[in-house]
Amino acid sequence: MKLRESGMPEEAYWETLLDVPLILDRLGIDARLRNVIELGCGYGTFAIPVAKRISGTLTTFDIDEGMIERTRQRAAAAGVCNLVGEVRDVFAEGLGGDAETNDACLLFNILHCEEPVRLLAEAARVVRPGGAVLVIHWRYDSATPRGPSMDIRPKPESIVAWARQTGLLEAEAPQIDLPPWHYGLRFVRLNPAGDPRNASR
Ligand SMILES: C[S@@+](CC[C@H](N)C(=O)[O-])C[C@H]1O[C@@H](n2cnc3c(N)ncnc32)[C@H](O)[C@@H]1O
């Protein structure tokens, strides 16, 4: 199922709305990260620059075949070889792969979806303990030039509360300002409660 209000405007316009290098810098996306997974690549706006920065593979999923095709094209044109794009309904099928195998999972402009706690739990599942779930979203402000309707647009404190409900994620710092129109949140992946690895913490 396509997540609600997850359609995109035209590519060139979309990319005027985001300062991608600033966002990746402030979220700490660099070569210390090996494998990273992304839900919803869209036009590859983040997928391509993230793949260029990390030291492993960026795996990205989108329900829309056209978005995966466009992202693959852009990766090829940029000489990016460490990006795997796959058509997948993540809401229905999850992120696949083995648990705890990624350093980070990216949920960018997606958490206005129907079941955010379930998606956050799935993101946490595929990230290793000590890794990160990284979120960006439109500011909770009706003056932004785009973004989901205000009645479904999440406030940062709602996302922090949903993440806590997974029992696997802890907010690392207060929200990160990502001008002009976004904020970011970093969550650290915890060991599950009762996990014997907690004894050594
Ligand atoms: C608002 S766009 C954000 C794209 C990208 N993360 C960005 O910030 O540039 C949301 C993307 O999620 C994709 N999407 C929606 N529902 C999905 C689902 N169930 N599984 C995978 N992708 C989905 C849409 O096709 C769209 O490309």
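Predicted model, so just to flag it, every value in this text is computed and none were measured. (Residues numbered from 1 in each chain as written. Predicted model: local features only at pLDDT ≥ 70, side-chain atom pairs only at ≥ 80, totals over all residues. Heavy atoms only, no water.)

**Topic: the packing of aromatic side chains**
The relation between two aromatic rings is expressed through the spacing of the ring centres and the mutual angle of the planes.
At step 1: With the rule as written, the count across this model stands at two aromatic pairs.
At step 2: Here tryptophan 14 and tryptophan 138 contribute two aromatic rings whose centre-to-centre distance is 6.0 Å and whose plane-to-plane angle is 65 degrees, an arrangement assigned as edge-to-face. Here tryptophan 14 is found in helix α1 (residues 11–14), whereas its partner tryptophan 138 is found in strand β5 (residues 127–138), with 124 residues between them in sequence. Side by side, tryptophan 14 and tryptophan 138 carry an identical accessibility label, which is buried.
At step 3: Each ring, one from phenylalanine 46 and one from phenylalanine 108, has its centre 4.8 Å from the other, and the planes form 80 degrees; the classification is edge-to-face. Taken together, the positions of phenylalanine 46 in the loop between β1 (36–39) and α3 (47–53) and phenylalanine 108 in strand β4 (residues 102–108) put the pair 62 residues apart, joining distant regions of the chain. (Phe/Tyr/Trp six-rings, centres within 6.5 Å; stacked < 30°, edge-to-face > 60°. Helix = DSSP H or I, 4+ residues; strand = E, 2+ residues; numbered from the N terminus. Buried < 20%, exposed > 50% of the residue type's maximum accessible area, 1.4 Å probe, protein only.)

**Some thoughts on the environment of isoleucine 110**
At step 1: Along the chain, isoleucine 110 turns up in the loop between β4 and α6 (116–125).
At step 2: Expressed as a C-alpha distance, the spacing of isoleucine 110 and lysine 2, which sit 108 residues apart in the sequence, is 11 Å.
At step 3: Ignoring sequence-local partners within four residues, the contact set of isoleucine 110 consists of Leu3, Leu39 and His137. (Contact = heavy atoms within 4.5 Å.)

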